[in-house]
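# What the coordinates show
Below, each chain spelled out in residue letters.
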Amino acid sequence: MLDPGHNGGNASHPAEINKQVPAGRGETKPCNTTGTATNAGYTEHAFNWDVAQRVGAALATHGVQVRYTRDNDTGVGPCVDKRAAIANQSGAAAVVSIHADGSDSSSAHGFHVSYSNPPLNAAQGRPSIGLADDMRDAFRSAGFPTSTYLGSGGIYPRDDLAGLNLATLPAVLVECGNMRNPGEAAAMSSTAGRQRYADAITAGILGYLGL
Ligand SMILES: [Zn+2]
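### Considerations on the overall build of the protein chain
Across its full length, the protein chain carries seven helices and six strands. Ordered by position in the sequence, the α and β elements of the protein chain form the string β-α-β-β-α-α-β-β-α-α-β-α-α. Taken over the C-alpha trace, the protein chain has a radius of gyration of 16 Å; the compact-globule value for 211 residues is 17 Å, and the two agree within 12%. For the C-alpha atoms alone, the extent of the protein chain along its principal axes is close to 40 × 40 × 30 Å. With the model as given, the accessible surface of the protein chain reaches about 8800 Å², and the carbon-plus-sulfur share is 52%. Computing the positive centroid from 15 side-chain charges and the negative centroid from 18, the protein chain places the two 2 Å apart.

### Topic: helix H7 (residues 191-209)
Across its 19 residues, H7 extends 26 Å between first and last C-alpha, which sits within 8% of the 27 Å expected from 1.5 Å per residue. Buried residues of H7: Gly 193, Arg 194, Tyr 197, Ala 198, Ala 200, Ile 201, Thr 202, Gly 204, Ile 205 and Leu 206, and no others. Buried residues along H7 sit in contact with strand S1 (2-4), helix H2 (44-61), strand S4 (95-101), helix H4 (126-141), strand S6 (171-178) and helix H6 (182-188). Of the residues trailing H7, Gly 210 is marked for its positive phi of about 75°.

### Observations concerning the coordination of the zinc ion
Taken together, the protein ligands of the zinc ion are His 6 (NE2), Glu 44 (OE) and His 99 (ND1), with distances of 2.1 Å. In the primary structure, the donors to the zinc ion are separated according to the pattern H-x37-E-x54-H. Separated by 38 residues along the polypeptide, His 6 in the loop between S1 and helix H1 (14-18) and Glu 44 in helix H2 bring together distant segments of the chain. Neither His 6 nor Glu 44 differs from the other in exposure class; each is buried.

### Brief notes about the pattern of salt bridges
Scanning all chains against the criterion turns up seven salt bridges. Asp 50 is paired through a salt bridge with Arg 194; the nearest N and O atoms lie 2.7 Å apart. A residue pair is termed long-range when its members are at least 10 positions apart, and Asp 50 in helix H2 and Arg 194 in helix H7 qualify at 144 residues. A relative accessible area of 22% places Asp 50 in the partly exposed class.

### Regarding the sheet that holds S1
Overall, mixed pairing links the four strands, which are arranged S1-S4-S6-S5 in an open sheet. In this open sheet, the two edge strands, each paired with only one partner strand, are S1 and strand S5 (112-114). Averaged over all neighbouring strand pairs, the angle between strand axes comes to 25°, with direction disregarded. Each of S4, S5 and S6 is contacted by H4, which is oriented at about 30° to S6, the strand it contacts most.

### A word on the side chain of Ser 114
Mapped onto the secondary structure, Ser 114 falls in strand S5. Looking at Ser 114, the relative accessible area reads 0%, which means it is buried. Ignoring sequence-local partners within four residues, the contact set of Ser 114 consists of Tyr 156, Arg 158, Leu 161, Leu 164, Ala 171, Val 172 and Leu 173.

### Some details on the packing of aromatic side chains
Within the structure shown, the criterion is met by five aromatic pairs. Aromatic pair Phe 47 and Tyr 197: ring centres 5.6 Å apart, planes at 85°, arrangement edge-to-face. With Phe 47 in helix H2 and Tyr 197 in helix H7, this pair connects stretches of sequence that are 150 residues apart. Residue Phe 47 shares its accessibility class with Tyr 197, and that shared class is buried. On the numbers, 4.5 Å between centres and 15° between planes, the contact of Phe 144 with Tyr 197 is stacked. One end of the pair, Phe 144, is in the loop between H4 and helix H5 (162-165); the other, Tyr 197, is in helix H7, with 53 residues separating them in the sequence. As far as the burial class goes, Phe 144 and Tyr 197 line up, both buried. Among the aromatic residues, ring-to-ring pairing joins Phe 47, Phe 111, Phe 139, Phe 144 and Tyr 197 into one connected group.

Rules behind the numbers
Per chain, residues are indexed from 1 in the order of the written sequence. Under the rules for a predicted model, residues below a pLDDT of 70 receive no local features and side-chain atom pairs below 80 are neither given nor counted, while totals for whole chains, interfaces and linings still include all residues. Heavy atoms from the whole structure form the basis of all side-chain values; hydrogens and water molecules are not counted. Helix and strand definitions here come from DSSP, where helices need a minimum of 4 consecutive H or I residues and strands a minimum of 2 consecutive E residues; each element is numbered from the N-terminal end. Throughout, the radius of gyration refers to the C-alpha atoms, and the reference size of a globule is 2.2 Å times the residue count to the power 0.38. Per-residue and other accessible areas were derived by the Shrake-Rupley procedure at a 1.4 Å probe size, with only the shown protein chains allowed to occlude residues. Neither His nor the chain termini are counted; the positive set is Lys and Arg, and the negative set is Asp and Glu. To locate a charge, the coordinates of NZ of Lys, CZ of Arg, CG of Asp or CD of Glu are taken. A helix is expected to span 1.5 Å multiplied by its residue count minus one. Using a 1.4 Å probe on the protein chains alone, a residue whose accessible area is under 20% of its type maximum counts as buried, one over 50% counts as exposed, and one in between counts as partly exposed. In this description, contact between two residues means that some pair of their heavy atoms is separated by no more than 4.5 Å. Metal donors: N, O and S atoms at distances within 2.8 Å, or within 3.2 Å for Na, K and Ca, with water omitted from the atom set so that some sites may seem incomplete. Criterion for a salt bridge: a side-chain nitrogen of Lys or Arg within 4 Å of a carboxyl oxygen of Asp or Glu. In this description, strands pair whenever DSSP reports at least two bridges between them. Axis geometry follows a simple rule: fit a line to the C-alpha atoms, using only the stretch in contact for helices, then measure angles between N-to-C directions, giving values from 0 to 180 degrees. Under the pairing criterion, centres of Phe, Tyr and Trp rings, with the six-membered ring standing for Trp, must be within 6.5 Å; the plane angle then separates stacked pairs below 30 degrees from edge-to-face pairs above 60, leaving the rest tilted.

If you want it as structure tokens, here you go:
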């Protein structure tokens, strides 16, 4: 299950995406957010969508059945709890949310991978940590630097992400890099750069699946 973060219609539908929904651990969060963008205006939702399509195409060539939490980049949501439900109901072997960050610091750069911590069920324990480690290893092998500003060694366990808190299957969220960093913004804005991110995510999933 690939979960491209945000959606292209979110920005023009504030009432819908600001509605509070369950986020796990007894908390609520807005249904969804607009995501970030490069300083030149290339949006995170477009990046996430394009990379997810590239990952899905690559996985299909390995015989992996791929599903997505949204069908296009022009809709609204789905809400974060709905995305988790879509993933959980799929019975997928792995759930990967694809994002890019928007740190205020232009020098901040590098990727990080998050999983739910402390775990709320067995799937959020070792299986999700294993998926996170395989994803981190794949990004490193592809030459991507680990985050200079969040987490440690490319891993950032979190207790505040609804999709991870609500997951009943192995699930991680990948922040590919910082869209406000000039170098990473340039890579994310190019098709060749997006293919590199997609190749790393694909390798991480294949590694976890043992394919
Ligand atoms: Zn995001």
